[in-house]
Amino acid sequence: GAGVSQSPSNKVTEKGKDVELRCDPISGHTALYWYRQRLGQGLEFLIYFQGNSAPDKSGLPSDRFSAERTGESVSTLTIQRTQQEDSAVYLCASSSWGTTSTDTQYFGPGTRLTVL
Amino acid sequence: SQQGEEDPQALSIQEGENATMNCSYKTSINNLQWYRQNSGRGLVHLILIRSNEREKHSGRLRVTLDTSKKSSSLLITASRAADTASYFCATDSGGTSYGKLTFGQGTILTVHP
């Protein structure tokens, strides 16, 4: 079946503009995660959604970052008033929950965000 | 700061040799996972080892976990040029952090044909 997809694959924006990044998880996966990866670094957790539970937003770096998820499908990560330090690859992952494969997260290809 | 820290930061070997990467972490874990990343984009899940396991194999991969030392190693045997990638360990601490992976900085592996 289809994997996790993300759009756009690349986004170049000017400092101060808002951007929206989209993630389509694997069908049937109830858990969805957003991570950020700066150049040459590991991934930093941002936020995760699990079913109808309140999302865990503990990794969001500032109130300029927000994310939504529609039911158990698409999620959008919004960054308002972008700064140059927001430049990174934003990766989305999904996983099933409450099954033997719960712990495996499947990653999308990422969105490379460049803030000029 | 990152929970997991890999070493070495970079590893260069010849095709056919074995590659060993290490990961250390600070807090107790539910499980530890290894991922591969090609060209700085999507990650591919390689193997997961739970806190009550000591060793796990998958094809040419062998992972060990020593919870007393809070460390793990990933061994790739008979390496191939196609194994060239960045390798990351990630820990899941469970509890209220269940599912929230904490990644190390990664090891860049280069396999020369």
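Cut-offs applied
Residues numbered from 1 in each chain as written. Chains lettered and ligands numbered in written order. Predicted model: local features only at pLDDT ≥ 70, side-chain atom pairs only at ≥ 80, totals over all residues. Heavy atoms only, no water. Helix = DSSP H or I, 4+ residues; strand = E, 2+ residues; numbered from the N terminus. Buried < 20%, exposed > 50% of the residue type's maximum accessible area, 1.4 Å probe, protein only. Phe/Tyr/Trp six-rings, centres within 6.5 Å; stacked < 30°, edge-to-face > 60°. pLDDT = per-residue confidence, 0-100. Polar contact = N/O pair within 3.5 Å; in protein donor to acceptor, adjacent residues only side chain to side chain. Pairing = 2+ DSSP bridges. Salt bridge = Lys/Arg side-chain N within 4 Å of Asp/Glu carboxyl O. Contact = heavy atoms within 4.5 Å. Buried area = accessible area lost by both parts, 1.4 Å probe.

Asker: How do you make sense of unusual backbone geometry when you look at a structure like this?
Answerer: Across the chain, the bulk of peptide bonds are trans and the bulk of non-glycine residues have phi less than zero. Residue P8 of chain A is reached from S7 of chain A by a cis peptide bond, and omega for that bond is -10 degrees. If you trace the backbone, P8 of chain A turns up in the loop between β1 (5–7) and β2 (10–13). The omega angle of the peptide bond from D7 of chain B to P8 of chain B is 0 degrees, so this bond is cis rather than trans. With respect to the secondary-structure elements, P8 of chain B resides in the loop between β1 (5–7) and β2 (10–14). With a phi close to 50 degrees, K70 of chain B is a non-glycine residue in the positive phi region. With respect to the element layout, K70 of chain B can be found in the loop between β7 (61–66) and β8 (71–76). K70 of chain B gets classed as partly exposed once you look at its relative accessible area, which sits at 29%. Positive phi outside glycine occurs at A78 of chain B, with the angle close to 45 degrees. Within the secondary structure, A78 of chain B is located in the loop between β8 and β9 (85–92). Taking relative accessible area as the criterion, A78 of chain B reaches 38% and is therefore assigned partly exposed.

Asker: Can you help me understand the environment of T78 of chain A in this one?
Answerer: Inspection of the secondary structure puts T78 of chain A in strand β7 (residues 75–79). For T78 of chain A, a relative accessible area of 17% corresponds to the buried category.

Asker: I keep staring at the packing of aromatic side chains and nothing clicks. Help me out?
Answerer: How two aromatic rings sit relative to each other is set out by the distance from centre to centre and by the angle between their planes. Enumeration over the complete set of coordinates arrives at nine aromatic pairs over all chains. Pairing Y33 of chain A with Y35 of chain A gives two aromatic rings, centres 6.4 Å apart and planes at 25 degrees, and the pair type is stacked. Each of the two residues, Y33 of chain A as well as Y35 of chain A, counts as buried. Grouping aromatic residues by their ring pairs yields a cluster made of Y33, Y35, F45, Y48 and F107 of chain A together with Y35 and F103 of chain B.

Asker: When you look at the confidence of the model for chain B in this model, what are you seeing that I'm missing?
Answerer: Where the model shows low pLDDT, its predicted coordinates should not be examined in detail. Scored by pLDDT, chain B has a mean of 90; 92% of the residues are at 70 or more. Least confident of the elements in chain B is β1 of chain B, whose mean pLDDT is 81; most confident is β7 of chain B, at 97.

Asker: Just checking my understanding: could you explain the side chain of T82 of chain A for this structure?
Answerer: Within the secondary structure layout, T82 of chain A lies in the loop between β7 and β8 (88–95). Side-chain polar atoms of T82 of chain A contact the backbone oxygen of E14 of chain A, separated by 3.3 Å.

Asker: Explain the pairing of β8 of chain A to me, please; I cannot follow it from the model alone.
Answerer: Residues and elements named next belong to chain A. With eight of eight residues buried, β8 lies mostly within the body of the structure. Here strand β4 (residues 31–37) pairs with β8 via seven bridges, running antiparallel. Looking at β8, one finds that Q37 is bridged to V89. Summarising the sheet, β8 and strand β10 (residues 111–115) pair through three bridges and their orientation is antiparallel. Its bridge partner lying in β10, V89 is registered against R112. Here β8 pairs with strand β9 (residues 106–107) via two bridges, running antiparallel.

Asker: In this structure, what is going on with the pattern of salt bridges? I would like to understand it.
Answerer: Proximity of charged atoms lets side chains of opposite charge pair with each other. Residues and elements named next belong to chain A. Counted according to the given criterion, the structure contains nine salt bridges over all chains. Here K17 and E14 are joined by a salt bridge, their closest N and O atoms 3.6 Å apart. Ionic contacts of the salt-bridge type, sharing partners, join the residues R36, R38 and E44 into one network.

Asker: Looking at this structure, I do not really get the interface of chain B and chain A. What am I missing?
Answerer: The parts lose accessible area when they come together, and the size of an interface is often stated as this lost area. Counting from both sides, the interface comprises 24 residues of chain B and, opposite them, 28 residues of chain A. For the pairing of chain B and chain A, the buried interface totals around 1,800 Å² over both sides, and the portion due to carbon and sulfur atoms is 44%. With a shortest N-O distance of 3.4 Å, D56 of chain A and K100 of chain B are connected by a salt bridge. The tally of links between chain B and chain A comes to five residue pairs in polar contact (both at pLDDT 80 or more). Those elements that provide at least two residues to the side of chain B that touches chain A are β4 (31–37), β5 (43–50), β9 and β10 (101–103) of chain B.

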